[in-house]
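Topology and contacts: notes
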Amino acid sequence: MTSANVPTQYPDVNAKSESNEARLRSRNRKVRGIFQSFMSHALINFVGLFFLVPFLWMLITAFKSNQDIFHTPPRWLPYDNLTVNINGEDYPLYDVQTPDGPKQLAALKIVEGVGTFVDPASPEKTFEYEIQQGETKIAEPVMHVSFRWQNFPDAMNRASRPSIDASFWVYFKNSLIIAFFTIIGTLLSNAPVAYAFARLKFPGRDVLFVIVLATMMLPYQVTMIPLYLLFNNFLHWGDTFLPIIIPAFFANAYDVFLLRQFFRTIPEEMCDAARVDGASEWQIFTRLVLPLSTPVLATVTVFTFLWAWNDFTGPLLFLTSPRNFTMALGLQDFQSQRTLIWNQLMAASTVFTIPIIIAFFFAQKTFIQGIKLTGSKE
Amino acid sequence: MEELRTTKWKFSWPPKFQKWGLGERRNFKIGMLFLLPWTIGFLAFTLYPMLASLVYSFTIYHARQPLEWNSIKNYTDLLTDDLFWTALYNTLYMVVIGVPLTLFTSFFCAVLLNLKVRGQAYYRVIYFLPSIVPTVASTILWLWILNPQAGIMNTLLGYVGIDGPNWMTNPSWSKPGLILLGMWGMGNTIIIYLSGLQDVPVSLLEAAELDGANWWQRLWNITIPMVSPITLFNLVTGTIFMFQYFAQAYVFRGFQGLGYPLNSTLFYSVLLYQNAFQWLKLGYASAMAWVLFIIILVCTLLMLKISDRFTYYAG
C-alpha cells in the first residue's frame, strides 16, 4: 500500500559521472582482458614450442644431407650441395679462391686435399687446387636448401649393422606381424573374461577379480627371468615371435578392467530379457554385448597396437638374430653403432612413428577416450 | 601304507562347494569357462613365474647349471653391493625429482590447454603428439637434440646466453636430460589432468569469482583440491613407472656401456637386466626383482595412506 506513495527514482544529476565511471571500468576490464588473452596466447605458444620443435627437428634432420648434419651452428632447414650437370653427371659446385679472383667451379674429385675443378661453362679445362692453403680454405662447397628424400629409402633399405641379411623394411614387417597377432590375441582373450566379471554371477567372482587387479601391481621384472627361461630353455621359442605374441592370447589385467567397466554400462535388463528368451550366456555375449561394444573394442585395439608397436623390452629379451628384429630393436641397434648417421636414424625414426600418427588422426577420439578411461576411473 | 594304496581316492569338492545349489554350480562352471584364458595366463605367466623367481632369489643360478641353495645371501649381498646403491640412488633421483616435476609441469600445461584461446584443439594435439612417438624413437631424437656439438638444445640455450652442459657425457646432467625427455612425452598425464579440470564444477568457480576471489585464489583453493584424486593417481602411476624405468636408459647410453656416463644412468631395472642377462646371475637378479616389488608396494601403500589427508573426493 505504501509503495504508491514512494516517489519513483528517476536518474539523478550524478548519472552522467556514474556512466563515465562505468565506461572507464569496462574499458579497464577490456584492457585487462586483452592483456590476459595476449599473455595466455604467448604462454601457450611458448610452451607449445617445447613440444613442437623436437618433433620438427626429427623431420628436418631426416631430410638433411650428410654434409649438413654436423654443421655448427645447426641450420633450421636441410641444406645440400648445389650441383651442376656436366656431360650427364652431377658435380658439386664450390666457391674457389682462384688466383684470378673468386669463381664458382665444379669439383670433379677431391683426393688427399687436392681438388680437381672445372668451370661449368667450359668443362674441357681442369684446374687443380689445394683445398687448405695454410690457414685459409681455398674452396667452400656451395649449399642450398634442399630436402633429401633419398634418406628414407637409404634408411629403410639398410640394416642396423653392415653386412647382415636384413633391412629396416624387414624390421617394419616384423613389428607389423607382432602388433597384428598381439591385437588379435588381446581382443579374443580379454572380452570373455571381462564379460564374466561384468555380467555373470558365480561364487568366487569377486575374489578372482581382486586377484586380477592385484596382478597390475606386479612389476614385470619379477616374472621376467622365469618367463625367459620358460620360453627359451623349456619351450625352445628363443629368437621367435612366440614369446611376445602368445601371452597376449591369455588376457591381461588392464584390458580386462577396461572392458569390464564398459560392459557394466550395458543395461542388465537387455541381457536378462535375452536370458528369459532362452539365450545362452555365450550367445548373449557374442550376439548382444559385443556388437554394442565396438567403441571400447576400438580403444583396446588402438592401445594394443600402440603398446605392441612401442614395446622394446620384449623384443630385446627374446629376439637375437637381426632378421627377427622389430623396428624398436633395430633402431636401437642402429643407434648403438659408432657410425652415427643421424639423418638416416631420424628418417627411420620418422617411418617408425608414421603408423602411430596415422592411427592417431584416424582415431583421435578413441585415443583421448582411452586415456581418460584408464586414467580417471578408480 | 597298504591301506593308503588300496583305498579308492575319489575327488570331492570342498565342503563349501557342496552346499552350493545346482544353479550355483552351473553358473560357476560357465563363469570358469569364460575366465579360462585369464586363468591359464595367470597360472602360466604370473603365478608360476612369481613362485619360481621367489625360489631363484634364494639360490645361485646360472641358467645352464642346476640351482644351488644360497639361503638369504643374495639379499644380504645386495646391502654391500655398491652398484645396487648407485642404481637405487639414480632411481630415487628420478622418483623424487623427476616425478613431481613432471606432475607439476603437466598440470601447468593442462591449465594452459583449458584456457579459452583460439585454436585450442590444435594446441591440444601439439602438446599430446610427442607422447605417441615410440620410446626408442623419442630417446634417439633427444640424444640428437642434446648432442653437445650439433644438437639444437645447446644452440637454443646459446641464443639466450646460456652455455649448455654436455648432457650425455656429464654424469650430473644425464638424468636431467632423461627427465626432459620424459616431460616431452607427458601428453597422457596432461590429458588426464585436462579431463579432471573439465570436471571441476563451473558453478563453484563462478561463485568464488562473485565473492571476489582472483584467478590464483580460485586455482589454489578450488581447482587444485578438486583435481587432487587425479594428482594422486598420476603420482602413484608415475612412481611405479619410474621404479621400472628401463628402455629410455638402455637407449640413452648410445654406443657406450650400460649406465654411461659413470653409472649415472644405471637405474634399478638396468642393473637388474645387467645382472640377469649379461652376467647371468639369475638368482641375484631375482632377489633384486623381489626387493623392487617390495619397494614399489611399500611406496604405493604409503602414498595412498598419506594422501588421505590431502585428497578431496567430491560426492
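Residues numbered from 1 in each chain as written. Chains lettered and ligands numbered in written order. Predicted model: local features only at pLDDT ≥ 70, side-chain atom pairs only at ≥ 80, totals over all residues.

**Let's talk about the overall build of chain B**
Test applied: Here a helix means four or more residues in a row that DSSP labels H or I, a strand means two or more in a row labelled E, and each is numbered from the N terminus. In this description, any two residues whose backbone-derived C-beta atoms lie within 7 Å of each other are considered to be in contact.
A tally of helices and strands in chain B yields 16 helices and two strands. Its C-alpha atoms give chain B principal-axis dimensions of about 90 × 55 × 35 Å. Sequence-distant contacts in chain B: of pairs separated by 6 or more residues, those separated by 24 or more amount to 70%.

**Points about the interface of chain A and chain B**
What counts, and what does not: Residue polarity is assigned by list, with Asp, Glu, Lys and Arg as charged and Ala, Val, Leu, Ile, Met, Phe, Trp, Tyr, Cys and Pro as nonpolar; anything else, Gly included, falls into the polar class.
Across the contact, 73 residues belong to chain A and 71 residues belong to chain B. Breaking the side of chain A that touches chain B down by element, the ones donating at least two residues are helix 1 (15-62), helix 4 (168-199), helix 5 (205-215), helix 6 (220-234), helix 11 (294-310), helix 13 (327-335), helix 14 (342-362) and helix 15 (364-376) of chain A. No other element matches helix 1 of chain A, which puts 13 residues into the side of chain A that touches chain B. When its residues are assigned to classes, the side of chain A that touches chain B shows 49 nonpolar, 19 polar and five charged.

**A word on the pairing of strand 6 (residues 122-130) of chain A**
Residue and element names in this part refer to chain A. Threshold: Pairing between two strands is assigned when DSSP locates at least 2 bridges connecting them.
As paired elements, strand 5 (residues 114-119) and strand 6 share six bridges and run antiparallel to each other. Residue T116 lies in a different strand from strand 6, and its bridge partner there is E128. A loop of two residues connects strand 5 with strand 6, the two strands running antiparallel in sequence.

**Quick word on the packing of helix 4 of chain A against helix 8 (residues 253-263) of chain A**
The geometry of a pair of packed helices is captured by two quantities: the angle between their axes and the separation between those axes. Residue and element names in this part refer to chain A. Our working definition: Throughout, an axis means a line fitted to C-alpha atoms (over the contacting stretch in the case of helices), and angles, computed between N-to-C directions, take values from 0 to 180 degrees. By the definition adopted for this analysis, an angle is roughly parallel if under 35 degrees, roughly antiparallel if over 145, roughly perpendicular if from 65 to 115, and oblique otherwise. Two helices cross in a left-handed way if the nearer one is turned anticlockwise from the farther one by less than a right angle. They cross in a right-handed way if the turn is clockwise.
Look at helix 4 against helix 8: their axes get within 8 Å of each other, and the N-to-C directions meet at 50 degrees. Between helix 4 and helix 8, the angle is such that the two are oblique. Between helix 4 and helix 8 lies a crossing of right-handed hand. Two secondary-structure elements touch here, helix 4 through T186, N190, A191, V193, A194, Y195, F197, A198 and R199 and helix 8 through D255, V256, L259, R260 and F263.

**Notes on the environment of G330(A)**
Residues and elements named next belong to chain A. As a reminder, the rule being used: Here the C-beta atoms are placed from the backbone, and a residue counts as buried if at least 20 other C-beta atoms lie within 10 Å of its own, exposed if 12 or fewer do, and partly exposed otherwise.
With respect to the helices and strands, the residue G330 is situated in helix 13. The class of G330 is buried, set by 28 C-beta atoms lying within 10 Å. Leave out the neighbours within four places in its chain, and G330 touches S160, F168, Y171 and F325.

**Let's talk about the packing of helix 7 (residues 135-145) of chain B against helix 9 (residues 171-184) of chain B**
All names here are of chain B. For the pair helix 7 and helix 9, the least separation of the axes is 10 Å and the interaxial angle reads 130 degrees. Between helix 7 and helix 9, the angle falls in the class oblique. For the pair helix 7 and helix 9, the sense of crossing is right-handed. Where helix 7 approaches helix 9, its residues S138, T139 and W142 are matched on the opposing element by G177, L180, L181 and W184. Taken together, the residues that form the contact of helix 7 with helix 9 break down as four nonpolar, three polar and no charged.

**Here's the deal with the environment of G164(B)**
Residue and element names in this part refer to chain B. Of note, G164 is situated in the loop between helix 8 (152-159) and helix 9. Separated by 102 residues in the primary sequence, G164 and H62 have C-alpha atoms spaced 45 Å apart. Filtering out sequence-adjacent residues up to four positions away, G164 remains in contact with M153, N154, L157 and G158.

**Quick notes on the domain arrangement of chain A**
Our working rule: Note that domain bounds follow an automatic or database assignment of domains.
Considered domain by domain, chain A is made up of domain 1 (13-62), domain 2 (83-141) and domain 3 (158-376). One C-alpha centre belongs to domain 2 of chain A, the other to domain 3 of chain A; they are set 57 Å apart.

**Some points on the pairing of strand 3 (residues 89-98) of chain A**
The two faces of the sheet receive side chains in turn, since in a regular strand these alternate between them. Residues and elements named next belong to chain A. Here strand 2 (residues 83-86) pairs with strand 3 via four bridges, running antiparallel. Residue pairing for strand 3: V84 is matched across the bridge by Y91. Between strand 2 and the antiparallel strand that follows it, strand 3, lie two residues; N87 among them carries a positive phi value of about 50 degrees. Across six bridges, the pairing between strand 3 and strand 4 (residues 101-111) is antiparallel. Paired with L93 across the strands is A106, a residue of strand 4. Judged from the three bridges that link them, strand 3 and strand 9 (residues 139-141) form a sheet pairing that is antiparallel. Opposite Y94, over in strand 9, you have P141 as the bridge partner.

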